[in-house]
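Descriptive structure summary
Each chain, written out:
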Amino acid sequence: MTDRVLIADDEPNIVVSLSFMLKREGYEVLVAPDGTQALAMIRGERPRLVLLDAAMPGMSGFEVCEAVRADPELSGIRILMLTAKGRDTDIARGMGAGADAYVTKPFSTRDLIVRIREMLA
Amino acid sequence: MIQPGLVLAVSFGYLLLLVAVAAHGDRRADQGRSLIDSSFVYALSWAVYCSAWTYFGSVGRAASGGVWFLPIYLGPMLAMLLAWLVLRKMVRIARSYRITSIADFIASRYGKSPLLAALVTLITVVGILPYIALQLKAVSAGYEALTGGLGQSDAAWWRDGTLYMALSLAGFAVVFGTRHLDLSERHEGMVAAIAFESAVKLAAFLAVGVFVTYGLFGGMGDIWARAQAQPDIAGLLRLGGQGFEGFQGAQWFALTLLSMLSVLMLPRQFQVMVVECVNERHILRASWLFPAYLLLINIFVLPIAIGGMLIFGDGGAGAESYVLTLPLSQGAEWLALLAYLGGLSAATGMIIVETVAVSTMVCNDLVMPALLSSGRFARTGGDLTRVLLNIRRAAILLVLLLGYLYFRIAGEAYALVSIGLISFAAVAQFAPALLGGMYWRGATRAGALGGLLGGSLVWAYTLMLPSLARSGWIGAGFLDGPFGLAFLAPQHLFGLTGFDELTHSLFWSLMVNIGLYVGLSLRGRVSAREASQALLFVEVFQRGQAQPVFWRGRARLEDLRRLAGRFLGAARAEALFRDHARETGTALDSLTADARLVDRVERQIAGAIGTASARVMVESAAQEESLSLGDVLEIIDEASQVRTYARELEEATVELRAANEKLKSLDQLKDDFMSSVTHELRTPLTSIRALTELMLDTPDIQPQEREEFLNIILSESERLSRLVNQVLDLAKIESGMAEWHNTDVDMKALIVAALRSTAELFRERGAEVLADLPEQVPMVLADPDRLTQVLVNLLSNAAKFVPEGRGRVEVALRHRGDELVVTVRDNGPGVAPEDQAAVFDKFRQGGEAGNRPPGTGLGLPISRQIVVNLGGRMWLDSQPGQGACFAFSLPLRSKGGSDDG
């Protein structure tokens, strides 16, 4: 059975690249353009992994991450935070919110796909 | 009639109760839970004003003179209107300089003059004796009325009950006023007892009033009606009163003025109002509670007086005992006993506070200076606190015995009220020196001395001596003028007739007093010490904590320690030096005896022995430089300079703090900006890198996918370069590095050109553009390229947000006053009110997250910066759902004032 991966990002071009990459690797891809829809899809579709942009309008990635971690029913879901802000405080904030991994933009698709495979292994 | 034994037992029991109240008050004070820290208790303690004179005398006066008892209470009520101004200043001064009596207050103001202190004390002692005598007379008369015993004042003095009463009252005053070893502290227990007594006397008097008005008669109306039926009583109800022809304005004025001054100047009032004041704020409420108290205690004066006359059928001297004899005659013996207790309260309260206050003055201002000037006393080094206490105790006894003496000499000849007014007139002499000294810096010691001396001599000649002459102790011929000189007749000085003796005396004494006070002050030169004290008094509110210290010289620390120890006791002296060390931030053993410490020690000692004596003691212990007037001015100058420096320093600190905050927030802004720029740079880079890698790693990619990816990479590259350009552009404008090529610009032409260059954009979106441009507008001075940038930015924003296919954009140019206004209105979604303030912020882009038109979020901030730099404004009008209208204005101005923006 193919693993389901949710991409939550408000930049359409990044969504294009990420979904192309994931589909090429054989994953089933879901897309959410903002935090609120991302959380709804997490609850409804139960993806195994979420690629979560930290800075989305409305509900930020940090808030989505915290909400997922606060919900015992969503405990198995893995979260990889993507952020364009590389400050140490942002990384600390992401890890504090309960993300499993933290990757800064721009990222290498080659490295990223290795991380994703590990996380879904 | 009541058994003498019962009366004595009840009286004694009551006095013991007072002692218990006082002890409780002292205990609470020691625990730091002051019983008297309340405006109610404070106001009740003021009611010590109502002595036996009020309690018995008012009824007597009402019975003989109708409403003539009233001015004595109207005066204080009027005085209270000024309490917040005058009384608060007195309290602040007394507190600041540790002043403990009215003699101290006046002497301190005029250069800490021992002579002035002694004079005020003498006037007080002599002036107050009739008042003390009055209390003795009232209590003994009350006792006689109650027990039916015949007056024994004609008996030999050692068989006179009044003497023993005076002695026992002295005992109580000693217990109340001189229990403490720390002399400068307030007497909390005494004040508590006085407040208690005020409550008792009010309750007792009201009880008798209710009994007479509603028990013996059918209410106030009934009494008035019956009084009207009897011509001799009806006369009392007229304003002029019985025995007076018409309304006598001068006398009303004199009595009202007299009592107005007395309520502040009487030693006991000064004691409870100023010295015993716990908290300045209590004055505010007490200054209406006290008049309310006076009103209450006077309500039943006329009913009782008239009731007594109706029942006993006479208006004679017996009227002063109506409060007792009315209940007694109706068999209400317990009420009579209660009324007697009320009278006893009134008398003892007055005697205790008055003698305590006067004894402080006698001790500090008469005895101490004499003792200190005798070398032997000054040299002995022991603790003097116990000696001081014993002096005060002796002074209390002495004052009461002198009062008794006056009672024996003059007591029989006068009614209570007349005796009291003699004292009032004496203390009224303090008013010019005291009140003037608080508000007039030019008043001098010579003026105060002259005024007081002149005024009190006139008082003695026109009021005191005649009272003795009437009693037969001076030949009665004295009243017709000494040596037969009629123009010197003490009650008709220089032929002045038509006034009663009190008004006559007040007129002459105050005229002489004020005349000398003002005249001598204006003529004389002031000493340095007077000038400095004048400043400290008059400007007590302006100075706050930073008061100048008028002292120069050298002192040795151990001399100061010894001095403080002698007058304050070892423990309090130790505490004083410890406090000073803590406040100045120095170690206790490295204190230096500088001016501030000397000043502090002097003030503390002043609390114990008075300012004048304290001055003498400090003088003897330290090597002082005598200050000249110039030195005083210099010190004032220094002090105000220090204040100015302090204020400047404070202002500088505030500015620094603000600057620091600003820097911090600028730093925060810069940090946020950098973070935003980074984010905006990384986002397109991410797409470019990811897509490029994916294409490299996916050789079998579909051609249409490849094309899509390449297009994305291209547009993201454009976005990147646009962003870099705009960031640099904004940075240049904000830092003032941008170049401005200002010239006369035709705004209409500029708009037409901008519309032409964006026409393709609108055509793609299917939007219609309407331009509403006037024929001609004045030229503005601006950089045309920059303005085009602004116009294109606004137009392309509008193009982005209008609905596809049915967009409508209106561009308008208006000449309004001295500016041009350009508006760009679209029919897009508009901007929510909560977001409107933020649209000009950097990196704030409008639109929904997913379907946001491309843009850097820097266009509007840059446009606004440009407009502001050209001296104009940019704003947004928008109702959500009804489109947005961006507008900017530019001022019309000539070349020359151009590039100062």
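Think of each chain on its own: its residues are numbered from 1, step by step along the sequence as written. Here chains are named by letter from A upward and ligands by number from 1 upward, in the order in which they appear as written. Residues qualify for local features only when their pLDDT is at least 70, as the model is predicted, and side-chain atom pairs are given and counted only at 80 or more; totals for whole chains, interfaces and linings, by contrast, use all residues.

As annotated in an unreviewed UniProt entry, chain B is histidine kinase from Paracoccus denitrificans. The heading Sequence similarities (unreviewed entry) in the UniProt record of chain B holds the text "Belongs to the sodium:solute symporter (SSF) (TC 2.A.21) family." Among the UniProt annotations of chain B, the heading Catalytic activity (unreviewed entry) holds the following wording: "ATP + protein L-histidine = ADP + protein N-phospho-L-histidine." UniProt positions are given in the numbering used here, feature names are shortened, and annotations may be inferred rather than shown by experiment.

In the nomenclature of an unreviewed UniProt entry, chain A corresponds to Response regulator receiver protein from the organism Paracoccus denitrificans.

1. Side note on the overall build of chain B
Each helix is a run of H or I in the DSSP string that is no shorter than four residues. Each strand is a run of E no shorter than two, and both are numbered from the N terminus. Along its length, chain B carries 35 helices and nine strands. For every residue, the other C-beta atoms within 10 Å of its own C-beta are counted; 20 or more classify it as buried, 12 or fewer as exposed, and values in between as partly exposed. C-beta atoms are placed from the backbone. Every one of the 901 residues in chain B was classed for burial, and the buried ones make up 47%. Sequence separation of 24 or more characterises 82% of the internal contacts of chain B that already satisfy a separation of 6 or more. Two residues form a contact once the distance between their C-beta atoms, set from the backbone, is within 7 Å.

2. Considering the overall build of chain A
Within chain A one finds five helices and five strands. When the helices and strands of chain A are listed from N to C terminus, the series reads β-α-β-α-β-α-β-α-β-α. Across the 121 residues of chain A, 44% fall into the buried class. Considering only intrachain contacts with a sequence separation of at least 6, the fraction spanning at least 24 residues in chain A is 59%.

3. Some words on the UniProt feature "modified residue: 4-aspartylphosphate" (unreviewed entry) in chain A
Residues and elements named next belong to chain A. With numbering aligned to this structure, UniProt lists the feature "modified residue: 4-aspartylphosphate" (unreviewed entry) at Asp53. On the secondary structure map, aspartate 53 appears in strand β3 (residues 49-53). Aspartate 53 gets classed as buried once you count the C-beta atoms within 10 Å, which come to 27. Non-local contacts of aspartate 53, meaning those with residues more than four positions away in its chain, are made with Ala8, Asp9, Asp10, Gly61 and Leu82.

4. Some thoughts on the interface of chain B and chain A
Reports of interface size often rely on the accessible area that becomes lost once the parts have come together. The partner chain A presents 25 residues to the 19 residues of chain B that form the contact. Looking at which element gives the most residues to the side of chain B that touches chain A, the answer is helix α30 (residues 629-697) of chain B, with 14 residues. Lys, Arg, Asp and Glu make up the charged group, whereas Ala, Val, Leu, Ile, Met, Phe, Trp, Tyr, Cys and Pro make up the nonpolar group; the residues left over, Gly among them, are polar. Along the lines of polarity and charge, the residues of the side of chain B that touches chain A split into six nonpolar, eight polar and five charged.

5. Overview of the sheet that holds strand β7 (residues 819-826) of chain B
Two pairing modes exist for strands in a sheet, parallel and antiparallel, and in both the strands are linked by backbone hydrogen bonds. Residue and element names in this part refer to chain B. Strand pairing is defined by DSSP finding a minimum of two bridges between the two strands. On the basis of which strands lie adjacent, the open sheet formed by five strands has the order β4-β6-β7-β9-β8 and mixed pairing. In this open sheet, the two edge strands, each paired with only one partner strand, are β4 (768-772) and β8 (873-878). Here the strands of the sheet are splayed against their neighbours by 15 degrees on average, with no regard to which way each runs. Relative to β7, strand β6 (residues 808-816) runs antiparallel, the two being bridged by eight bridges. Here, axes are lines fitted to C-alpha atoms. For helices the fit covers the stretch in contact, and angles between N-to-C directions go from 0 to 180 degrees.

6. Here we look at the environment of serine 11 of chain B
Along the chain, serine 11 of chain B falls in helix α1 (residues 4-30). You can call serine 11 of chain B buried: it has 20 C-beta atoms within 10 Å.

7. With respect to the nonpolar core
Here, a nonpolar core denotes buried Ala, Val, Leu, Ile, Met, Phe, Trp, Tyr and Cys residues that are linked to one another through C-beta atoms within 7 Å. Counting 211 residues, the largest nonpolar core has Ile106, Val120, Met265, Ala305, Val323, Ala425 and Ile605 of chain B as the members making the most contacts within it. When residues in this core are grouped by element, the largest group, 22 residues, is from helix α17 (residues 333-373) of chain B. Domain extents, as shown, originate in an automatic or database domain assignment. Both domains that furnish three or more residues to this core are identified here as domain 1 (4-110 + 131-394) and domain 2 (549-627) of chain B. With 43 residues, the next largest nonpolar core counts Val15, Tyr27, Ala54 and Ala55 of chain A among its residues.

8. Observations regarding the environment of threonine 788 of chain B
All names here are of chain B. Within the secondary structure, threonine 788 is located in helix α33 (residues 784-801). Given 16 C-beta atoms within a 10 Å radius, threonine 788 is considered partly exposed. In this view, threonine 788 contacts Leu750, Ala753 and Ala754; residues no more than four positions away in its chain are not counted.

9. Remarks on the packing of helix α5 (residues 83-96) of chain B against helix α14 (residues 282-298) of chain B
Residue and element names in this part refer to chain B. Contact pair α5 / α14: the axes reach a minimum separation of 10 Å and the direction vectors enclose 130 degrees. In terms of axis orientation, α5 runs oblique to α14. Handedness of the crossing formed by α5 with α14: right-handed. On α14, the residues touching Ala83, Trp84, Leu87, Arg88 and Val91 of α5 are Ile283, Leu284 and Ser287. Oblique is the label for any angle not covered by the other classes, which are roughly parallel (under 35 degrees), roughly antiparallel (over 145) and roughly perpendicular (65 to 115). When the near helix sits turned anticlockwise from the far one by under a right angle, the crossing is termed left-handed; a clockwise turn instead gives a right-handed crossing.

10. Observations concerning the sheet that holds strand β2 (residues 28-32) of chain A
Residue and element names in this part refer to chain A. Taken in spatial order, the five strands make up an open sheet running β2-β1-β3-β4-β5, and their pairing is parallel. Each having just a single partner strand, β2 and β5 (101-104) make up the two edges of the open sheet. On average, each strand axis in the sheet is tilted by 20 degrees relative to the strand beside it, whichever way the strands run. One ladder, built from five bridges, connects strand β1 (residues 4-8) with β2; its direction is parallel.

11. Thoughts on helix α7 (residues 114-147) of chain B
All names here are of chain B. Between its terminal C-alpha atoms α7 stretches 48 Å, which fits the 50 Å expected from 34 residues at 1.5 Å a residue. Two axes enter the bend calculation: one fitted to the seven residues ending at the residue in question, the other to the seven starting there, and the bend is the angle between them. A bend of about 35 degrees at isoleucine 128 is the largest found in α7, and the proline proline 130 appears one to four places after it. Along α7, 29 of the 34 residues are buried, which leaves the element largely enclosed by surrounding structure. Working rule for helices: expected span equals 1.5 Å times residues minus one.

12. Things to note about the pairing of β3 of chain A
Residues and elements named next belong to chain A. Counting buried residues in β3 gives five out of five residues, a clear majority hidden from the surface. Both faces of β3 are covered, namely the face carrying Leu49, Leu51 and Asp53 and the face carrying Val50 and Leu52. As judged from the four bridges shared by β1 and β3, these two strands associate in the parallel manner. Within the sheet, the bridge partner assigned to isoleucine 7 lies in β3 and is leucine 51. Bridge count between β3 and strand β4 (residues 78-83): five bridges; the pairing is parallel.

13. Quick look at the confidence of the model for chain B
Residue and element names in this part refer to chain B. Per-residue confidence for chain B gives a mean pLDDT of 81, with 85% of residues at or over 70. Per-residue pLDDT, averaged within each element of chain B, yields its smallest value for helix α18 (residues 375-379) (57) and its largest for β7 (92). Low pLDDT, under 50, characterises residues 895-901; the predicted model gives this stretch eight contacts beyond four residues in sequence or across chains. Of the two predicted TM-score estimates for the complex, the pTM is 0.62 and the ipTM is 0.93. Here pLDDT means the predictor's own confidence in every residue, given as a number from 0 to 100.

14. Quick word on the packing of α7 of chain B against helix α22 (residues 445-470) of chain B
Residue and element names in this part refer to chain B. Between α7 and α22, whose axes approach to 10 Å, the crossing angle comes to 20 degrees. Taken together, the axis directions place α7 and α22 in an arrangement best described as roughly parallel. When you trace α7 past α22, the crossing you get is left-handed. Here Leu115, Leu116, Leu119, Val120 and Ile123 of α7 lie close against α22, whose contacting residues are Arg445, Ala448, Leu449, Leu452, Leu453 and Ser456. Partitioned by chemical class, the residues of the contact of α7 with α22 number nine nonpolar, one polar and one charged.

15. Looking at the confidence of the model for chain A
Interpreting fine coordinate detail is not advised for predicted regions of low pLDDT. Summarising the model, chain A shows a mean pLDDT of 88, and 97% of its residues fall at 70 or more. By mean pLDDT, the top-scoring element of chain A is β1 of chain A (94), and the lowest-scoring one is helix α4 (residues 88-96) of chain A (72).

16. Some words on helix α4 (residues 71-81) of chain B
Residue and element names in this part refer to chain B. When α4 is considered as a whole, its buried residues turn out to be Ile72, Tyr73, Gly75, Pro76, Ala79 and Met80. All buried residues of α4 fall inside an arc of 150 degrees around its axis, so they share one side. Close packing links the buried residues of α4 with α5, α12 (249-265) and α14. By definition, the arc is the one covered by directions from the helix axis to the C-beta atoms.

17. Things to note about unusual backbone geometry
Here lysine 105 of chain A and proline 106 of chain A are connected by a cis peptide whose omega angle stands at -5 degrees. As for its placement among the helices and strands, proline 106 of chain A is situated in the loop between β5 and α5 (109-120). Backbone geometry at arginine 46 of chain A places phi at a positive 45 degrees, although glycine is not the residue there. Of note, arginine 46 of chain A is situated in the loop between α2 (35-45) and β3. The phi torsion at lysine 112 of chain B lies on the positive side, around 55 degrees, for a residue other than glycine. Within the secondary structure, lysine 112 of chain B is located in the loop between α6 (102-109) and α7.

18. Remarks on the pairing of β7 of chain B
Residues and elements named next belong to chain B. As consecutive antiparallel partners, β6 and β7 are separated by two residues, and within that stretch glycine 817 has a phi angle of approximately 60 degrees, a positive value. Both β7 and strand β9 (residues 884-891) contribute to a ladder of seven bridges, which runs antiparallel. Directly across from valine 821, in β9, lies its bridge partner serine 889.

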